[in-house]
Structure formats: C-alpha cells, structure tokens
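Listed below, chain by chain, are the residues.
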Amino acid sequence: MQGNANTPVLKDLVLVGGGHSHIAVLRRFGMRPEPGVRLTLIGRDLQTPYSGMLPGYVAGHYAFDDCHIDLGPLARFAGARLIHAEAEGLDLAEGHVHCAGRPPVAFDLLSLDVGSRPDVGSVPGAAEHAIPVKPIDRWLDQWARVKAEAVAAGGDYRIAVVGAGAGGVELVLAVRAALHRELAAAGCDPARLQLDLVSGTDTVLPAYNTRARRKFARLLDQRGIRVHTGAPVTAVRPGELALADGRVLATDAPLWVTRATALPWIAESGLATDEEGFAAVNEHLQSTSHPNVFASGDIAAMVGRPRPKSGVYAVRQGPPLAANLRRALLNRPLKRYLPQQRALAIIGTGDGHAVAVRGRWAIEGDWLWSLKRWIDERFMAKYRDLPQMAEGEETDVREEIAGGPEALKEISTIAMRCGGCGAKVGSSVLSRALARLTPVVRDDILVGLDDPDDAAVVEVPAGKVMVETVDFFRAMVDDPYVFGQIAANHALGDIFAMNADPQSALALATVPYGREDKVEEQIYQMMAGALSVFEDSNTALVGGHTGEGAELAFGFAVNGLVERERILRKGGMQPGDVLILTKPLGTGTLFAADMRHRAKGRWIAGALAAMTTSNRRGAEILFEHGATACTDVTGFGLLGHLVEMTKPSKVDAEVHLDCLPVLDGALETIRAGVFSSLQPENVRLRRAVRDPEAAGADPRYPLLFDPQTAGGLLATVPAERVDDCVAALRAAGYPEAGAVGRIHPFSGDEAPIDVVPEGGESRPGAPALRSDIWCWSRGVTP
Ligand SMILES: Cc1cc2nc3c(=O)[nH]c(=O)nc-3n(C[C@H](O)[C@H](O)[C@H](O)COP(=O)(O)OP(=O)(O)OC[C@H]3O[C@@H](n4cnc5c(N)ncnc54)[C@H](O)[C@@H]3O)c2cc1C
C-alpha cells in the first residue's frame, strides 16, 4: 500500500505537519515515488487551511472545503502513511517522533512543517482569555461562536483584533465584512458593531512600505475600524484589554494575531534553534545541528536569511524541500535554496477589494481581489484535482535507490530471503518487538507469553464455557497502530456478540518483506494498537504466528468465557422485538473510495473512530436490557447478518432505511458509485428482500449490503425495553445507536425481510412506530 509496494522499505521519511511546504513534498513524491522509501505524514489536522484564502473564508467568500487542502487523498496519492496525531516531542538520538496517545514513530529522515502560534505566553491573561488565531481549526470554532454571539446581541458587540501585521489587518477587515452582512441579514444595524485593531508598534503593517500603510490607514478608517497604534496590550482580563498607555479597552472577543512563536518541543528536543526557538536551518533547509532533520515554513529560521513568517515563503520552500529530501535519501549533494528577497503580497479588504504590495510600491483595486482569487483557486486546484497516474507509471525504475548501491545489495538480499515466501519472521525480530510491549497478565493463563512453550495453556473456570473465534484481513489503513486497534476490535466483536468476556488472543500477522528494523517496527506498532484494545477488555495476548508476505495483514484467534445461560445467540429473535444497531454503516464504501483517493480525510477519520470503538459496553447494555439475539455486523453487511439471525429464529423482519445510522460521507461515495469489492457478493442476498425494487429507490438501500469492518452490534430487545436500551447505548459512547427495524411472526415467505424506504409503509397490521429512538438521523417521529 505504501510507497513503492514492490521494493522493501529501507528508509523512513517522516513528515511532521501537513503545512504549506509538505503538501508540495507529498504531491511530488506521489508523482515520482522513491523506491525503498516509506513516506509517513504525521498531522494534527486532516485539513490544512491554505492561509491565502483564510481571510476570504472568514469574510464568507469561500466554503470550508474551498480553502482547506484535504490531507487524506493527498497522502493516499503520495503513497504515504497518514498518522492522525499531534507530535509532542522528538528523540533525535533514537530517531523517534513522540505523539500524543500512541507509540513513537521511527524515522531515518525527518522534515518539520508544523507552522507557528501567536504569542499568548508573554502577556498576562492572554492564554486564558484571548482567542488565538492558531491553531486555525480551534480558532474557526471560536469564530463561529463569536459570530453567533454578535448576531444574538443584535450587533451590540465589541471585537478587538490584537496584532496589526498583515494577518491582523486582513482578519479585522474580513470579520467586519462577515458580520456586517450577517447583521444586515438579521435585520440589525451593523453600525452598532465595535471593531478595534490594536498594534504594539507605531503603525499598522510595520513590515510593509509607507504607501501600503497609508492605504490601509485610510481603508480601515473608511470602514469604521478604530486603530490603536503604539499601544501594546499589557494584560487581558475578562471583558477588557489593558494597554501600555494606561487605557482600558472593553471587548467581548479579543482575537489574538500577534507575533509568531515556535512550538516549545522543537527547542526542547535539542535541535539547533534561533533565539526564539525556531528550528535553525541552512540554505538546504537542513537543520544546522542534525543533518537528518529538515524544516520549512514558519517553524524554520534560515540562518543569515531571515524572512517574515508568511505562507508565501512556506509555499515557495515546498519544491526545494522535496528535492533536497530526495537527495538526502539518495546520498546525493543537496541543492542551495535562496529565498526571494521580496514577495508580492495581495491583502484583501474582505469586501471585494485588495491592495497589492511589493518592495516600495502599493496599488489597490477591485480587480486585484479578482486576481488574488484566481491565483488562490488555481493553487488549490493543484491539490484537489490530483493527476491520475497510469498503471505502472508510479514505479520509477531507476538505478538509484534510497541509500545508494549498498541499499541495492540489501534489497537483493531481502529478495532472496523472500524466496521462501510465508517464512516466519525471525524470532529475534519478533521477540524484540514483543519485549517493548506489556500485555495483560491474567491468573487463568497458565502458559502464556511470559513463559513461552509450544502452545499456550488457559484455564476454563468451573461453570463457564469457552467461546472461540478467528478473524484475519488485509490492512485497509496505512497507520499500523490504528490497524492493530481495528483488527483487535473486529476479532473481539464476535466474542462480545455472544455476551462473553474475552480471555486470551493469538495473533496472526503478515508483514511486508523488509529490513529487520522496519519489520520489527511494523510489528511493534500493530501489536501496540491491538494491546491498547486488549487492555480495555482484559484480554491476554498469549502467542501467535507472524510471517512475511506481499502485504500487511493482521488478525486474531480469540477465546472468551461465558456462563452457559448468558450466551446470546443469533437465533433468539421474537416477534414484536425491536432491532437495534449500535454503530453507523458505511466502512466498505468509504475505504473503497479512499483507495481511489475519493474519500475526504474527515470521512475516513469518522469511520476510523467508529471502527476503533469497542463493542464491549454495547454488548453489556444490550444484555442488561433483555436482548434476545445478537451478532456483530461485519463482512456480509447488515442484510447478510440479519438473514443469519432471522433464519434460525424463524421470524420475519422489517428494516427502515431512514433509520439506519450512516457514517459521514458514505452516502456521497455510494451516490458516486463506489462500492467495496465484496458488495456484489453481498447483493446476491437481495432475494431475501420482499420488494427490492421499491426499496432500491432509497439512496440508503446499498448500505444494507456494505461490508463492515469492526462494525456495530445488531440485536433485538423486547419492545418495552427499547427506549431505555437506546438511551443507555447513546450515553455509553454509541451516539448513533438506534432502533432500525422490528421483528414479525414467521410467514414462511422466501423473502422474509421487508425493507421500508423513506416514506414507505410498514407491514400491514404492524403497530405504529413511536418515540425518538427511531430515525436518529431525521430527528422526527414517524
Ligand atoms: C489570519 C491570518 C491570515 C494570514 N494570511 C496570510 C496570507 O494571506 N498570506 C500568507 O502568505 N500568509 C498568511 N498568514 C500567515 C500564514 O498563515 C503562515 O505563515 C503559514 O500558514 C505558515 O505555513 P506553514 O506551512 O509553516 O504552517 P501551517 O500552514 O500552520 O501548517 C502547519 C501544519 O502542521 C500541523 N501541525 C501543527 N502542529 C502539529 C503537531 N504538533 N503535530 C502534527 N502536526 C502539527 C497543522 O495541523 C498544520 O496542518 C496568515 C496568518 C494568519 C493568522
């Protein structure tokens, strides 16, 4: 899946932050992958805002997706593993990036493009009461709140923008444009709004020429924005700003756009920095202290060539950064990069007008806003409409390979090892990976990993029976840690569906051929993900088998314990019962779309969140509410699993399509005709549907056949318990859980399932549906 699948991984290039330079690196490596190199992107956000369009978004000229680059499809295009996590530190000696809530990520070559933050540390009260403009996603949430408050107050609202560089000036104008429009639409007088721009220096736009400053002084004045220059803020208190000249400025929303500061962990890692903590880089964008670390964008400080912290420079650094990362991987001399002395800045006023500034001149006009828009939209299109690579085109057959001739020798050694396909991974690799993990310890594991033997020995306590299951599948995500979590959840789903408590697990893994250290790391990450799930359910890992193969695959044989009389089977459904589904559907279509670069990053993130949610608590709640039958929804799709339940139960069932919980994006990918390769096989079961023609008119119908990975539980509970049951499920972390159908007496019909499309009729004679546990998505009572 990653990089060049035919070449073993020799080097790990890890990009931290999906900033303006790294998007160019991803695109370029997607166009020309480097054999032997595995690319990984660690990103706090899945959508990176394009700074040039951000003020336009605030002003209301663009929609969210117009000005955010979706890192999901871009990483997929680049063949990069996407790790959705926040980096919190570096271990430069070990070559590790530390991330929140997961094991460190190993690198051979590292590149940092994590941007900067406004300085909230040096002014008392700013960290608590100000609204910093970065991280942008958090700021955008706050902005939505500020807008709502201002409109609710009928315009009697005071906003102060602190910081009068280009960002602050453009922001205050954009805020004004947006609120004037919204207030007018709400029938309020926009003139009641108070807007202040506070500058610590004697002028606005201190880094720009006098003409530009004069123009903006006039434009701000004409738009009724009060400018306070030479007035550094000395304290931020609830509802007010204290200024150095003794004045106090009342404000409801202090927006903070002051000088850029560096993330503290950059300097703490031991990387050479400038006096402000930004990574010091040479003219190759390479760290002056650590040759295997590069940095670009705001976080980089080029020694001897200081430049403003501006997206323009971050964008320009992308291509030379990509070239030098490639050269570093190939052990070739790096190329010099000399940043331009002066950049053209086009600063918008939020209302269809802009000022262009370069060197000593500044001009303005409405046409400049149109020009800026054209330039920015063209830039975005480059990252949205990614080139279609012809089959095989992505494989760059070259003499060169990451690491040079030595690496070529290494590859052929690995290839020879691959002659014995299916061979076990070396025991030392495996034991090194396992030694870094701490599996659950249980008294009833008599022989386990801590005292290995030919096989594990587990005790079945008196009065309990053992439940056993096995699951194994290819990786659908590139992040091995998350894949490990999903594989463990998927396997445990069968145990929970039987209302058993998991006891032990045996791992089955296939890892791609590679250098020992790469294989070890892959196994470690995957196992660490799985163990994080096993810890939650007190499941002991007692052994397993790991082999090498063409692609990553993982699974578990799991056993569980349950008292005989508490077992939940598929065959216990009773007429009158209500059918409950605990998680939304759509993983099959979404991951099929992801493979084709057609799924938005946030859709996949939503699917992953559902897939990594354990069914443990769900099963307990269903049992507590008198569940009569239960199964977990996986490869056969909802309908396939429902038929598996109705048959042994000897009942008919009714499913309401408008009640099905659906993952964000799944209806879009279905509408685009993107389905899992398993879908056609599942669709054969439509013979169980009484009137497939009528049901097929509903856009949700294909979801019945969508294969799920680590899907939710499908269960029946008596009708009188269903309200409490659904409420308990939602409170326990299954927010989309709901009633999706009900059970009818056995008709003997060959097609026992009624699939009711939106607006369709229930089976004649069935009692009316009631309460909001139905139709979670519509929020209406049928
Ligand atoms: C209101 C405003 C308007 C602006 N307008 C303009 C403009 O019109 N033109 C212009 O040139 N500049 C503008 N700027 C400046 C511009 O935003 C920055 O200079 C630019 O974004 C820097 O790009 P970058 O690639 O360094 O970082 P960013 O664009 O900030 O990207 C950093 C990326 O790293 C990720 N990240 C951050 N921390 C971590 C972490 N710990 N772990 C993993 N990932 C992480 C983030 O999610 C983000 O995707 C503006 C700034 C502001 C505040």
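Since the model is a prediction, treat every value here as computed from it, not as a measurement.

Draft legend 1. Main features of the pairing of strand 5 (residues 81-84). The alternating pattern of strand 5 places Arg81 and Ile83 on a buried face, while none of Leu82 and His84, on the opposite face, is buried. By the bridge criterion, four bridges tie strand 2 (residues 37-43) to strand 5 in an arrangement that is parallel. Within strand 5, the residue paired with Leu41 across the bridge is Leu82.

Draft legend 2. Representation of the packing of helix 17 (residues 616-624) against helix 22 (residues 722-731). Between helix 17 and helix 22, whose axes approach to 10 Å, the crossing angle comes to 160 degrees. Considering the angle they form, helix 17 stands roughly antiparallel to helix 22. Read as a crossing pair, helix 17 and helix 22 show a hand that is right-handed. Across from Gly618, Ile621 and Leu622 in helix 17, the residues of helix 22 making contact are Cys725, Ala728 and Leu729. Among the residues making up the contact of helix 17 with helix 22, the classes are represented as five nonpolar, one polar and no charged.

Draft legend 3. The side chain of Asp12, seen in detail. Assignment of secondary structure puts Asp12 in strand 1 (residues 11-16). When its relative accessible area of 2% is taken as the criterion, Asp12 is described as buried. Only 3.0 Å separates the side chain of Asp12 from the side chain of Lys518, close enough to count as a polar contact. Filtering out sequence-adjacent residues up to four positions away, Asp12 remains in contact with Arg38, Thr40, Arg81, Ala106, Phe107, Asp108, Leu109 and Lys518.

Draft legend 4. Quick look at the site of the ligand. Close to the ligand lie 31 residues; His20, Asp45, Thr48, Asp113 and Asp298 are nearest. Gly311 is positioned with one of its backbone polar atoms (N or O) 2.9 Å from an oxygen atom of the ligand. Contact with the protein chains removes 90% of the 990 Å² of surface that the ligand exposes when unbound. At the level of secondary structure, the elements contributing two or more residues to the shell around the ligand comprise strand 2, helix 6 (166-185) and helix 9 (311-329). With three residues, the top contributor of residues to the shell around the ligand is helix 9. Here the shell around the ligand is built from residues that sort into nine nonpolar, 13 polar and nine charged.

Draft legend 5. Just helix 9, in detail. Between the first and last C-alpha of helix 9 there are 26 Å, a value that for 19 residues agrees with the 27 Å anticipated at 1.5 Å per step. Most pronounced at Gly318, the bend in helix 9 amounts to some 35 degrees, and the proline Pro319 follows within four residues. Taken together, the buried positions of helix 9 are Tyr313, Ala314, Gln317, Gly318, Pro320, Leu321, Ala322, Asn324, Leu325, Arg326, Arg327 and Leu329. Residues of helix 9 that are buried sit in contact with strand 1, helix 1 (20-31), strand 2, strand 9 (109-112) and strand 21 (293-295). Immediately beyond the C-terminal end of helix 9, within one or two residues, lies Asn331, with a positive phi of roughly 55 degrees.

Draft legend 6. Spatial organisation of a positive patch on the surface. Together, Arg211, Arg214, Arg316, Arg342, Arg358 and Arg360 make up a region of like positive charge exposed at the surface. Topologically, Arg211 is positioned in helix 7 (residues 210-222).

Draft legend 7. Examining the environment of Val14 more closely. Note on placement: Val14 falls in strand 1. Judged by its relative accessible area of 0%, Val14 is buried. Residues Val14 and Leu41, 27 residues apart in the sequence, show an inter-C-alpha distance of 6.0 Å. Setting aside residues up to four positions removed in sequence, Val14 forms contacts with Thr40, Ile42, Val97, Val105, Ala106, Phe107, Leu109, Leu110 and Ser111.

Draft legend 8. Here's a closer look at the confidence of the model for the protein. Taken residue by residue, the protein gives an average pLDDT of 91. The fraction at 70 or more is 92%. Ignoring residues within four places in sequence, the model shows residues 390-399, a span with pLDDT below 50, making 11 contacts including any to other chains. Note that pLDDT drops below 50 for residues 776-782; the model gives that stretch 18 contacts with residues more than four away or on any other chain.

Draft legend 9. Structural detail: the sheet that holds strand 31 (residues 553-563). Here four strands make up an open sheet; going across it, the order is 28-31-29-30 and the pairing mixed. The sheet is open, and its two borders are formed by strand 28 (464-474) and strand 30 (540-549), each paired with just one other strand. Recorded for the sheet is a direction-independent mean angle of 15 degrees between the axes of neighbouring strands.

Draft legend 10. Quick look at the nonpolar core. Core analysis: the biggest nonpolar cluster contains 104 residues, and Phe554, Phe556, Leu622 and Leu704 have the highest contact counts within it. Looking at which element gives the most residues to this core, the answer is helix 13 (residues 480-497), with 11 residues. Here Leu622 is in contact with Ile580, Thr582, Ala627, Cys630, Leu713, Ala715, Val717, Cys725 and Leu729, once residues within four sequence places are set aside.

Draft legend 11. Just the side chain of Thr48, in detail. By the element assignment, Thr48 lies in strand 3 (residues 47-49). At 2.5 Å, the side chain of Thr48 forms a polar contact with the backbone oxygen of Gly18. Apart from the residues lying within four places of it in its own chain, the contact partners of Thr48 are Gly18, Gly19, Cys67, His68, Ile69 and Leu71.

Draft legend 12. Representation of helix 13 in the model. Compared with an ideal rise of 1.5 Å per residue, which puts 18 residues at 26 Å, helix 13 spans 26 Å between its outermost C-alpha atoms and is within 8% of the ideal. Most of helix 13 is tucked away: 17 of the 18 residues are buried. In this structure Asp479 caps helix 13, since a side-chain oxygen of it lies 3.0 Å from the backbone nitrogen of Tyr481. Positive phi shows up at Asn499, right after helix 13, with a value of about 65 degrees.

Draft legend 13. Focus on the packing of aromatic side chains. Counting across every chain of the model gives 10 aromatic pairs. With centroids separated by 6.4 Å and ring planes inclined at 45 degrees, the aromatic side chains of Tyr62 and Trp369 adopt a geometry described as tilted. Pair noted here: Tyr62 is in the loop between helix 2 (54-59) and strand 4 (68-70) and Trp369 is in helix 10 (residues 366-384), with a separation of 307 residues, a long-range link. Through a chain of ring-to-ring contacts, three or more aromatic side chains come together here, namely Phe473, Phe483, Phe534, Phe554 and Phe556.

Draft legend 14. Looking closely at the packing of helix 1 against helix 9. Helix 9 packs onto helix 1 with a crossing angle of 45 degrees between their chain directions and a minimal axis gap of 7 Å. Comparing the axis directions of helix 1 and helix 9 gives the class oblique. The way helix 1 lies across helix 9 gives a crossing that is right-handed. Packed against helix 1, whose contacting residues are His20, Ser21, His22, Ala24, Val25, Arg28 and Phe29, the element helix 9 presents Gly311, Ala314, Val315, Gln317, Gly318, Pro319, Leu321, Ala322, Leu325, Arg326 and Leu329 at the interface. Residue classes in the contact of helix 1 with helix 9 are distributed as 10 nonpolar, six polar and two charged.

Reading the values: the criteria
- Residues numbered from 1 in each chain as written.
- Predicted model: local features only at pLDDT ≥ 70, side-chain atom pairs only at ≥ 80, totals over all residues.
- Heavy atoms only, no water.
- Buried < 20%, exposed > 50% of the residue type's maximum accessible area, 1.4 Å probe, protein only.
- Helix = DSSP H or I, 4+ residues; strand = E, 2+ residues; numbered from the N terminus.
- Pairing = 2+ DSSP bridges.
- Axes fitted to C-alpha atoms, helices over the stretch in contact; angles between N-to-C directions.
- Parallel < 35°, antiparallel > 145°, perpendicular 65-115°, else oblique.
- Left-handed = near helix turned anticlockwise from the far one by under 90°.
- Contact = heavy atoms within 4.5 Å.
- Nonpolar A, V, L, I, M, F, W, Y, C, P; charged D, E, K, R; others polar.
- Polar contact = N/O pair within 3.5 Å; in protein donor to acceptor, adjacent residues only side chain to side chain.
- Near = heavy atom within 4 Å.
- Areas by Shrake-Rupley, 256 points an atom, 1.4 Å probe, with all protein chains shown as cover.
- Expected span 1.5 Å × (residues − 1).
- Bend = angle between axes of the 7 residues up to and from the residue.
- Patch = residues over 30% accessible without salt bridge, like charges linked within 9 Å, V, L, I, M, F, W, Y side chains within 5 Å.
- Salt bridge = Lys/Arg side-chain N within 4 Å of Asp/Glu carboxyl O.
- Lys, Arg positive; Asp, Glu negative; His and termini not counted.
- Charge placed at Lys NZ, Arg CZ, Asp CG, Glu CD.
- pLDDT = per-residue confidence, 0-100.
- Core = buried A, V, L, I, M, F, W, Y, C linked by side-chain atoms within 4.5 Å.
- Phe/Tyr/Trp six-rings, centres within 6.5 Å; stacked < 30°, edge-to-face > 60°.

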